[in-house]
Amino acid sequence: EQDLKKMEALWSVTDENSEIYSINHADGMPVEVEDMTADLLQFALTMSRQTDGALDMTLYPVLTAWGFTTGSHQVPSDETLAQKMRLVGYDKVSLSGSTVTLRPGMEIDLGAVAKGYACDIITNNLKANGVTSGIVSLGGNIQVIGKKPDGSDWQISIEHPQNGDSLGMLSAANASVVTSGAYERYFTGEDGKRYGHILDPATGQPAQSGLASVTVVGQEGKLCDALATAFFVMGLEKTQVYLEEHSGIEALIMTEQGEIYLTAGLKDKFTLNQPYQHIPVYALKP
Ligand code: ADP
Ligand code: MG
């Protein structure tokens, strides 16, 4: 819990004493950060490259234009959006050792990866302290340690993105399970359209890749967190390509059409709940 408080104090985007706040208000000057922050930034940059920019920590000015940072939501004008988009680009972040430099006006936010990273640290500490069975849950990021005390796998409920109840159960042991979707934080514009809080860095618009929710299962929470957000932006086809090229991760995707896609490793681990057994389930990885 002490760890959690420390990480929140370092990485909060709104707390004036946080390192992220200092970076965002340095007006082009270099900022020295703690090793842990530098490590997380390095990880986020690596994942941005690996996902072709689907994940981008520099979207904060655009998130602000949509009101996702304050709660007073609005659809920004094309002009505002174009202006804010000029401040976006992970490739413009300079990180050397533990020194971070942004261009004036640029702002970063680690919302897409910090919870997963924090989960890893907490889990590793628990394990180092002899914990062999347990569950760590941090807002949509779940990490299970070992199996249940009775020797069976943990059962994790996966939420139905549209209906809000439980879609099905995923059985897991010693794994990280992270879900991303636009169903928790979104607003409905005056045009009646739904706008979600995960943006496509290519356009600055809420991602509309045809996916309703993405669950990623793997060893590391930070990787699962990063990929859940990135896959949501990338959509089914690009996710499929990513999965063909990278091993060690499994995914469960629900499309807006209401179909489920599962990687082979989850086929026998996921069970649809009673009201949803008619939903078609397809293989995600050939
Ligand atoms: P949650 O925080 O709801 O569990 P995510 O891990 O998917 O969900 O992170 C979403 C958050 O990341 C957003 O609230 C926003 O702060 C930020 N964000 C939105 N779009 C992107 C993106 N394409 N790349 C990186 N961060 C993003
Ligand atoms: Mg994420």
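Below, the structure is looked at part by part. Being a predicted model, the structure only gives us computed values, none of them experimental.

1. Description of the coordination of the magnesium ion (ligand 2)
Step number 1: The protein atoms that coordinate the magnesium ion (ligand 2) are Ala112 (O), Asp225 (O), Asp225 (OD) and Thr229 (OG1), at distances spanning 2.1 to 2.4 Å.
Step number 2: Donor residues binding the magnesium ion (ligand 2) come from one chain and are separated in sequence as A-x112-D-x3-T. Taken together, the residues span a long stretch of sequence, with Ala112 in the loop between strand E3 (99-101) and helix H6 (114-128) and Asp225 in helix H7 (residues 221-245) at a distance of 113 residues.
Step number 3: Residue class for Asp225 comes out buried when judged on its relative accessible area of 5%.

2. Describing the site of ligand 1
Step number 1: Inspection of the region around ligand 1 gives 19 residues, with Asp56, Ser180, His197, Leu199 and Thr229 positioned closest.
Step number 2: Here a nitrogen atom of ligand 1 and a backbone polar atom of Ala54 are 3.0 Å apart.
Step number 3: His197 places a polar side-chain atom, nitrogen or oxygen, 2.9 Å from an oxygen atom of ligand 1.
Step number 4: Looking at which element gives the most residues to the shell around ligand 1, the answer is H7, with 3 residues.
Step number 5: Considered class by class, the residues forming the shell around ligand 1 number 9 nonpolar, 5 polar and 5 charged.

3. Details of the packing of aromatic side chains
Step number 1: For the coordinates displayed, the defined rule picks out 7 aromatic pairs.
Step number 2: Taking the centre distance of 5.5 Å and the plane angle of 80° together, the rings of Trp11 and Tyr117 count as edge-to-face. With a gap of 106 residues between them, Trp11 in helix H1 (residues 2-11) and Tyr117 in helix H6 connect regions that are remote in the sequence.
Step number 3: Residue class for Tyr117 comes out buried when judged on its relative accessible area of 7%.
Step number 4: Note on Phe231 and Tyr242: the rings are 5.4 Å apart at their centroids and 65° apart in plane angle, and the pair reads as edge-to-face. Comparing Phe231 with Tyr242 shows no difference in burial state: the two are buried.
Step number 5: One aromatic cluster is present, built from ring pairs that chain together Trp66, Phe68, Phe187 and Tyr195.

4. Things to note about the nonpolar core
Step number 1: Of all hydrophobic cores here, the largest spans 57 residues; its most connected members are Trp11, Ile23, Leu110 and Phe231.
Step number 2: Elements represented by at least two residues in this core include exactly H1, helix H2 (19-24), helix H3 (35-50), H6, strand E4 (134-138), strand E11 (211-218), H7 and strand E12 (250-255).
Step number 3: Among the elements that take part in this core, H7 stands out by supplying 11 residues, more than any other.
Step number 4: Setting aside its immediate chain neighbours within four residues, Trp11 contacts Ser18, Ile20, Met36, Thr37, Leu40, Leu110, Ala114 and Tyr117.

5. Focus on the pattern of salt bridges
Step number 1: This structure, assessed with the given rule, holds 2 salt bridges.
Step number 2: Between Glu34 and Lys6 there is a salt bridge; the shortest N-O distance is 3.3 Å. Of this pair, Glu34 sits in the loop between strand E1 (31-32) and H3 while Lys6 sits in helix H1, and the two are 28 residues apart along the sequence.
Step number 3: Under the relative-accessibility criterion, Lys6 is labelled partly exposed at 41%.

6. What about the pairing of strand E5 (residues 141-145)?
Step number 1: The buried fraction of E5 amounts to 5 of the 5 residues, a majority that puts the element mostly inside the structure.
Step number 2: Residues Asn141, Gln143 and Ile145 line one face of E5 and the alternating positions Ile142 and Val144 line the opposite face, and both faces are buried.
Step number 3: When E4 meets E5, the two strands line up antiparallel, connected through 5 bridges. Bridge pairing in E5 places Leu138 opposite Asn141.
Step number 4: The antiparallel hairpin formed by E4 and E5 contains 2 residues in its connecting segment, where Gly139 sits at a positive phi of about 40°.
Step number 5: Looking at chain direction, E5 and strand E8 (residues 175-181) are connected through 4 bridges and run antiparallel. The residue of E8 that forms the bridge with Val144 is Ala175.

Here is what the cut-offs are and how they apply
- Residues numbered from 1 in each chain as written.
- Chains lettered and ligands numbered in written order.
- Predicted model: local features only at pLDDT ≥ 70, side-chain atom pairs only at ≥ 80, totals over all residues.
- Heavy atoms only, no water.
- Donors = N, O, S within 2.8 Å, 3.2 Å for Na, K, Ca; no water.
- Helix = DSSP H or I, 4+ residues; strand = E, 2+ residues; numbered from the N terminus.
- Buried < 20%, exposed > 50% of the residue type's maximum accessible area, 1.4 Å probe, protein only.
- Near = heavy atom within 4 Å.
- Polar contact = N/O pair within 3.5 Å; in protein donor to acceptor, adjacent residues only side chain to side chain.
- Nonpolar A, V, L, I, M, F, W, Y, C, P; charged D, E, K, R; others polar.
- Phe/Tyr/Trp six-rings, centres within 6.5 Å; stacked < 30°, edge-to-face > 60°.
- Core = buried A, V, L, I, M, F, W, Y, C linked by side-chain atoms within 4.5 Å.
- Contact = heavy atoms within 4.5 Å.
- Salt bridge = Lys/Arg side-chain N within 4 Å of Asp/Glu carboxyl O.
- Pairing = 2+ DSSP bridges.

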